[in-house]
Amino acid sequence: MLEEMGDGTVLHVIVVPNAKKNEIVGVDETRGRLKVKIRAPPVEGRANKELVGFLSKLFGARVEILRGEKSREKDVLVAGKGVDEIRALLHL
Amino acid sequence: MFPASSFIHGMFEYGIHIKRLLPNRNDMVEIREASLRDVEAIVELNKKLADIHAEIDEIYKRGCETSKGFRNHVESLISSENASLLVAEMDGRVAGYMIGLIEKPRPFLKLEKIGRISDAYVDFEYRKKGVGRALLNRLLEWFRSNGVEYITLSVDVRNRAGYSFWRKMGFEDWMVRMIRRV
């Protein structure tokens, strides 16, 4: 679910679009991914854009989608944050 | 959930017309959107805000779950599109914070949305340095960019420092909140 990469951390997430609000709702244990609800629909990259904006605001860091642009399951890099820091911030 | 405005809810409310733009006189202070790493600092500042108010009136005394509730509240605000949680950083420390919310006004009003400052606090050692003013200026930009015309806030009239600050920032007496023992 969290993987160290360079000076950042890769988050393995599963995105639920068309949600009432943007929020991290917990861990999808079967997939081993962080479940993230996003308000935007998965149309023309809107959900991806909102996911990046949401996570970068949350962590106060640059965020980039590494894999899964067209999938609900995505790997997202949070630059400059270690695994332990992310784990603590998310109370994991 | 813990109501953010509990500690500054007082007897009076003040409104401001949003057209007013105040200059930022202090460039030593960095104002930025809060992220999760700021939550603990904000919770600590909120405790101080609560303690000051508890000296004014016992109604403000904190419960044992207050910090936990406020922490959850702050975390949810960081990711909310209808909230702006700003922190002021000085000397690498969080010197103060301010929370702005965009809400639906009461149904009888023509306004579609109204802004509210639910929380604001600047630590004692960083006062008189333009930190509060800088926080407010940034928050005004956010309100303006979201099409908000008016913002309100509540301050306990016995909180002289708070009341005087908001008056200086252009807020005017607007509505009286009343309280009595049952």
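Residues numbered from 1 in each chain as written. Chains lettered and ligands numbered in written order. Predicted model: local features only at pLDDT ≥ 70, side-chain atom pairs only at ≥ 80, totals over all residues. Heavy atoms only, no water.

### Focus on the overall build of chain B
Part 1 of the argument: If you tally the helices and strands in chain B, you get four helices and seven strands.
Part 2 of the argument: When the elements of chain B are put in sequence order from the N terminus, they spell out β-β-α-α-β-β-β-α-β-α-β.
Part 3 of the argument: Expressed as a percentage of the 182 residues in chain B, the buried residues total 51%.
Part 4 of the argument: Put simply, 77% of the contacts in chain B that link residues at least 6 apart link residues at least 24 apart. (Helix = DSSP H or I, 4+ residues; strand = E, 2+ residues; numbered from the N terminus. Buried < 20%, exposed > 50% of the residue type's maximum accessible area, 1.4 Å probe, protein only. Contact = heavy atoms within 4.5 Å.)

### Describing the packing of aromatic side chains
Residue and element names in this part refer to chain B.
Part 1 of the argument: Going through the model one piece at a time under the given rule, you end up with three aromatic pairs over all chains.
Part 2 of the argument: Ring geometry for Trp166 against Phe171: centres 5.3 Å apart, planes inclined by 75 degrees, an arrangement best described as edge-to-face.
Part 3 of the argument: Through a chain of ring-to-ring contacts, the aromatic side chains of Phe165, Trp166 and Phe171 assemble into a single cluster.
Part 4 of the argument: The lysine or arginine in question, Arg127, covers the ring of Phe124, its NZ or CZ lying 4.0 Å from the ring centre. (Phe/Tyr/Trp six-rings, centres within 6.5 Å; stacked < 30°, edge-to-face > 60°. Lys NZ or Arg CZ within 6 Å of the ring centre and 35° of its normal.)

### Looking at the pairing of strand S3 (residues 83–90) of chain B
Residue and element names in this part refer to chain B.
Part 1 of the argument: With respect to burial, S3 is a largely interior element, eight of its eight residues being buried.
Part 2 of the argument: The two faces of S3 match: Ala83, Leu85, Val87 and Glu89 on one face and Ser84, Leu86, Ala88 and Met90 on the other face are all buried.
Part 3 of the argument: Strand direction decides the pairing type here: strand S2 (residues 30–33) and S3, joined by four bridges, are antiparallel. When the sheet's bridge partners are listed, Glu30 is paired in S3 with Glu89.
Part 4 of the argument: Hairpin connection from S3 to strand S4 (residues 93–103): two residues lie between these consecutive antiparallel strands, with Asp91 at a positive phi of about 55 degrees. (Pairing = 2+ DSSP bridges.)

### Focus on the confidence of the model for chain B
Part 1 of the argument: Mean pLDDT over chain B stands at 85; residues scoring 70 or higher make up 85%.
Part 2 of the argument: Overall, residues 1–26 of chain B carries pLDDT values under 50, and its contacts beyond four positions in sequence, including any with other chains, amount to 106 contacts. (pLDDT = per-residue confidence, 0-100.)

### Remarks on the environment of Gly53 of chain A
All names here are of chain A.
Part 1 of the argument: Position of Gly53 among the secondary structure elements: in helix H1 (residues 46–59).
Part 2 of the argument: Residue Gly53 is classed as partly exposed on the basis of its relative accessible area, which comes to 36%.
Part 3 of the argument: Expressed as a C-alpha distance, the spacing of Gly53 and Val63, which sit 10 residues apart in the sequence, is 7.8 Å.

### Examining the pairing of strand S2 (residues 8–16) of chain A
All names here are of chain A.
Part 1 of the argument: S2 sits mainly inside the fold: eight of its nine residues count as buried.
Part 2 of the argument: Of the strand pairs in this sheet, strand S1 (residues 2–5) and S2 are connected by four bridges, and their pairing is antiparallel. Across the sheet, the residue bridging to Glu4 is Thr9, located in S2.
Part 3 of the argument: Hairpin geometry of S1 and S2 is characterised by an intervening segment of two residues between the two adjacent antiparallel strands and by a positive phi of about 60 degrees at Gly6.
Part 4 of the argument: Where S2 lies against strand S6 (residues 73–78), six bridges are found, and the strand directions are antiparallel.

### Some points on the packing of helix H1 (residues 39–56) of chain B against helix H2 (residues 66–78) of chain B
For any two helices packed against each other, one specifies the crossing angle of their axes together with the interaxial distance.
Residues and elements named next belong to chain B.
Part 1 of the argument: Interhelical geometry of H1 versus H2 gives an angle of 130 degrees and a closest axis separation of 10 Å. Put simply, H1 runs oblique to H2. Crossing hand, H1 versus H2: right-handed. In contact with Val39, Glu40, Ile42, Val43, Asn46 and Lys47 of H1, H2 contributes Ser67, Phe70, Arg71, Val74, Glu75 and Ile78.
Part 2 of the argument: Partitioned by chemical class, the residues of the contact of H1 with H2 number six nonpolar, two polar and four charged. (Axes fitted to C-alpha atoms, helices over the stretch in contact; angles between N-to-C directions. Parallel < 35°, antiparallel > 145°, perpendicular 65-115°, else oblique. Left-handed = near helix turned anticlockwise from the far one by under 90°. Nonpolar A, V, L, I, M, F, W, Y, C, P; charged D, E, K, R; others polar.)

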